[in-house]
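# Report on the structure
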Amino acid sequence: MKRKKLLSMVVSSVLILSLTAGCGTNNNTAKNNTSSSKNSETVKITMLNSKGEIQSQLEDAAKAFTKENPNITINVIPASAGQSPFEKISSMYAAGNAPTLAMLDPGDVAKFKDKFLDLSNEKWVADTTDGALNVAKVDGKIIAFPFSVEGYGFIYNKIVLDKAFGGNFDPKSIKTRNDLENAFKKVEATGAKALEISPMDWSLAGHFLPIVYADQSKDPAQVDKFISDLKSGNVDLANNKVFNGLIDTFDMMKKYNLDKSNPMAPTYDKGPEAIGKGEVGFWFMGNWAWPQIKTFDTANGQYGFVPVPISNDPNDYGNSGIPVGVTKFIGIDKTQNSAAQQDAAEKFLNWLVYSQAGQDVLVNQCSVIPAFKNIKLEPRDPLAKSIEQYISDGNTLEFMTTLPSDHWSKLGASMQKYLSGVIDRKGLINDIESYWKGVQ
C-alpha cells in the first residue's frame, strides 16, 4: 500500500499571483478569493497514493480525467515502500508541500481534521453505502472520501484445487483447520506447493494478526472491549482460545509454506506470480492483488477466497467469514492548497463516482469494490466477485481498519520473528501484550 508527490501551483493570468498560489502557502482564505477561477487556467494538483499496487492504474486514471478536464492535471505520488501513509503525509506537511489529495488508512483520518476540507455537502455523501462513512465523520463533518471496500483471506487458484480434489472444488468445504490442511496435502500430492506466505509486516500484522481481534465476537462492542482490555493489560493471550487457535493455524501454514527454508526471503511480487502460475494452491492476501495476479493468470480468471479457520469446530465464529471493510480514505487539504486546487480535487472525486470512466477506474482498473450505491458496474475481477458473495451471504468479519498506525510495523516485526523461528509463542505473546499496554 504506497505513495509520492510534486509541488503544484495555480497558473493565474497575473504572474505575481501565480508565484504566490502554490502548495507551500497557506490558503485558508483562498476559497473566497479565487472561487471564480476561469476555465482557461491550468490547475495542477497532486495525489498521495498509499496503495502502491495500483500506482500505474491511478496514473492512467489521472490522464483519463485530464482528457475530460484539460485545465486540470494530476500528479500521482506513491508513498515510499515500507513507509506508513501517516509518516509520508506528515513529512509533506512539515515541508510545506502537502498533497492536494491524500489517501490514508482509516485510523489516521481523524488526525487531519484541522487540515482536511469539510466534504459534508458533496453529492456522493448521500450515495455512500451504509457504514462506509463512519470513520470519515469527525466532529460532525465528513472529512474524507471512502475509496475502497476490500477483503482478504486465502486466495485460491481453482484450477490447482480442482485437480487436487479430482473435480469441482467448493470453497465452502473449507470450514475448519483440518479441512484447510487436508486441502494443502491434496495440492502437494499433485506436485504443486500448498501455500505462499508473504512476509511483509503490513500483511502479517495489518491483516493476519487482526483476525485475533475480529474473531473474538460477532458483536463489535465486544471487539472494542477486547481492544480496551488489551490496552489496560487485562487480556491473557496465553489462555485466549481465539488467539491460540489462529496461531495454531499459522503454525500449520508455516509447515506448508513454499519458502519455509527461508521465510523472510520472498518479496510481495513472488505471491501473485506463484498463485497466478499455479505453483501454489493458496496465497494469504487480499483482492487488491488482482492486478498483479492477472499478469500471471493461467487459470482463466478462476480465483476466489476461503476464510482463515481458527479451530476445528465449523460452528465457531470466524471460520466461515472473511474480513471486509473500507480500507482507504482520501482527504483534501485546505491549508497548503489553493481554492482552485481544492475545487479540482473535489471534481476528481465526483468524477470517480459519477462518470463512466471514473467508475471503470474503481471497479475494473483498480479492482476495488466501490463504497457507493449508485455504482452498478459489475466487477470483472474474480476476487471482488468472491468478496461480494461473502457480503451477500452475510459471512463477513470486521476489517480492523482503525488499529494504531504503528500496529503493523511494530507487531509485524514480531510476527516476522515468529515466522522465522526467532521467537516462540511465549515471546510473541509478550510482544503483543507489551505493545498494547503502551498504546495511549
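All figures in this text were calculated on a predicted structure; none of them were measured in a lab. (Residues numbered from 1 in each chain as written. Predicted model: local features only at pLDDT ≥ 70, side-chain atom pairs only at ≥ 80, totals over all residues. Heavy atoms only, no water.)

### As for the overall build of the protein chain
Rules: For the purposes of this entry, the term helix denotes a DSSP run of H or I that reaches at least four residues, the term strand denotes a run of E that reaches at least two, and both are numbered from the N terminus. Radius of gyration: over C-alpha atoms. The globule rule applied is 2.2 Å multiplied by the number of residues raised to the 0.38 power. Summary of the burial criterion: residues with accessible area below 20% of their type's maximum are buried, those above 50% are exposed, and those between are partly exposed, where the area comes from a 1.4 Å probe applied to protein chains only.
A tally of regular secondary structure across the protein chain gives 17 helices and 12 strands. Its C-alpha radius of gyration of 23 Å places the protein chain within 12% of the 22 Å reference for a compact globule of 440 residues. Across its three principal axes, the protein chain shows a C-alpha extent of roughly 70 × 50 × 40 Å. Within the span of the protein chain, comprising 440 residues, buried residues form 58% of the whole.

### What about the pattern of salt bridges?
Rule in force here: Criterion for a salt bridge: a side-chain nitrogen of Lys or Arg within 4 Å of a carboxyl oxygen of Asp or Glu.
All chains considered together, the criterion is met by 16 salt bridges. Note that Lys172 and Asp393 form a salt bridge whose closest N and O atoms lie 3.8 Å from each other. Here Lys172, found in the loop between helix H5 (158-165) and helix H6 (177-189), pairs with Asp393, found in helix H15 (residues 382-393); they are 221 residues apart in sequence, far enough to count as distant. A salt bridge links Arg425 to Asp251; the shortest N-O distance between them is 2.8 Å. Pair noted here: Arg425 is in helix H17 (residues 425-437) and Asp251 is in helix H10 (residues 241-256), with a separation of 174 residues, a long-range link. If you follow the salt bridges from partner to partner, you end up with Lys51, Glu53 and Glu150 in one network.

### A closer look at the packing of aromatic side chains
Within a pair of aromatic rings, the relevant descriptors are the distance that separates the centres and the angle that separates the planes. Which entries qualify depends on this criterion: Any two rings among Phe, Tyr and Trp, with Trp reduced to its six-membered ring, count as a pair given centres within 6.5 Å; such a pair is stacked if its planes are under 30 degrees apart, edge-to-face if over 60, and tilted if neither. Charge-over-ring contacts are defined here by two conditions on Lys NZ or Arg CZ: a distance within 6 Å of the ring centre and an angle within 35 degrees of the ring normal.
In the structure shown here, the tally under the stated rule is 27 aromatic pairs. Ring geometry for Phe154 and Phe184: centres 6.4 Å apart, planes at 90 degrees, overall edge-to-face. With Phe154 in strand E7 (residues 145-157) and Phe184 in helix H6, this residue pair connects regions lying 30 residues apart in the sequence. For the pair Phe154 and Phe184, one class covers both residues: buried. When the ring of Tyr213 is compared with that of Trp436, the centres are 5.7 Å apart and the planes differ by 90 degrees; the resulting orientation is edge-to-face. One end of the pair, Tyr213, is in helix H8 (residues 211-214); the other, Trp436, is in helix H17, with 223 residues separating them in the sequence. For the pair Tyr213 and Trp436, a shared accessibility class is recorded, and that class is buried. Of note, Lys115 hangs over the ring of Tyr93, and the distance from its end group to the ring centre comes to 5.4 Å.

### Things to note about the environment of Ser91
Put simply, the rule is: By the criterion applied in these results, polar contacts are pairs of N or O atoms within 3.5 Å in which, for protein atoms, one can donate a hydrogen and the other can accept it, and in which residues neighboring in sequence qualify only through two side-chain atoms.
Looking at the element boundaries, Ser91 is found in helix H4 (residues 85-94). On the basis of relative accessibility, which here comes to 37%, the residue Ser91 falls in the partly exposed class. At 2.6 Å, the side chain of Ser91 and the backbone oxygen of Lys88 are in polar contact.

### Looking at the domain arrangement of the protein chain
Spelled out, the test is: Throughout the structure description, domain borders are defined by an automatic or database domain assignment. It only takes one pair of heavy atoms within 4.5 Å for two residues to be counted as in contact. By definition, the buried area sums, over both parts, the 1.4 Å-probe accessible area that each loses when the two are put together. Charged means Asp, Glu, Lys or Arg here, nonpolar means Ala, Val, Leu, Ile, Met, Phe, Trp, Tyr, Cys or Pro, and polar covers whatever is left, Gly included.
Domain boundaries assigned for the protein chain yield domain 1 (43-150 + 325-387) and domain 2 (151-324 + 397-438). A C-alpha centroid distance of 28 Å is found between domain 1 and domain 2. Domain 1 puts 26 residues into the contact, and the matching count from domain 2 is 22 residues. Both faces considered, domain 1 and domain 2 share a buried interface measuring about 1,800 Å² in area, 65% of it formed by carbon and sulfur atoms. Viewed at the interface, domain 2 and domain 1 are joined by 0 salt bridges. For the pair domain 1 and domain 2, the interface holds 5 residue pairs in polar contact (both at pLDDT 80 or more). Contributions of two or more residues to the side of domain 1 that touches domain 2 are made by E7, strand E11 (322-332) and H15. Per-element tally for the side of domain 1 that touches domain 2: the top contributor is H15, with 5 residues. Of the residues that constitute the side of domain 1 that touches domain 2, the class distribution is 10 nonpolar, 9 polar and 7 charged.

### Examining the pairing of E11
Threshold: Any two strands with at least two DSSP-identified bridges between them are counted as paired.
Here E11 lies mainly inside the structure; 11 of its 11 residues are buried. Of the strand pairs in this sheet, strand E4 (residues 101-104) and E11 are connected by 4 bridges, and their pairing is antiparallel. Directly across from Leu104, in E11, lies its bridge partner Phe329. Alignment of E7 against E11, held across 6 bridges, turns out to be antiparallel. The residue bridging Ser148 from the neighbouring strand is Lys328, located in E11. The pairing of E11 with strand E12 (residues 396-398) spans 3 bridges and is classified as parallel. Paired with Val324 across the two strands is Glu398, which belongs to E12.

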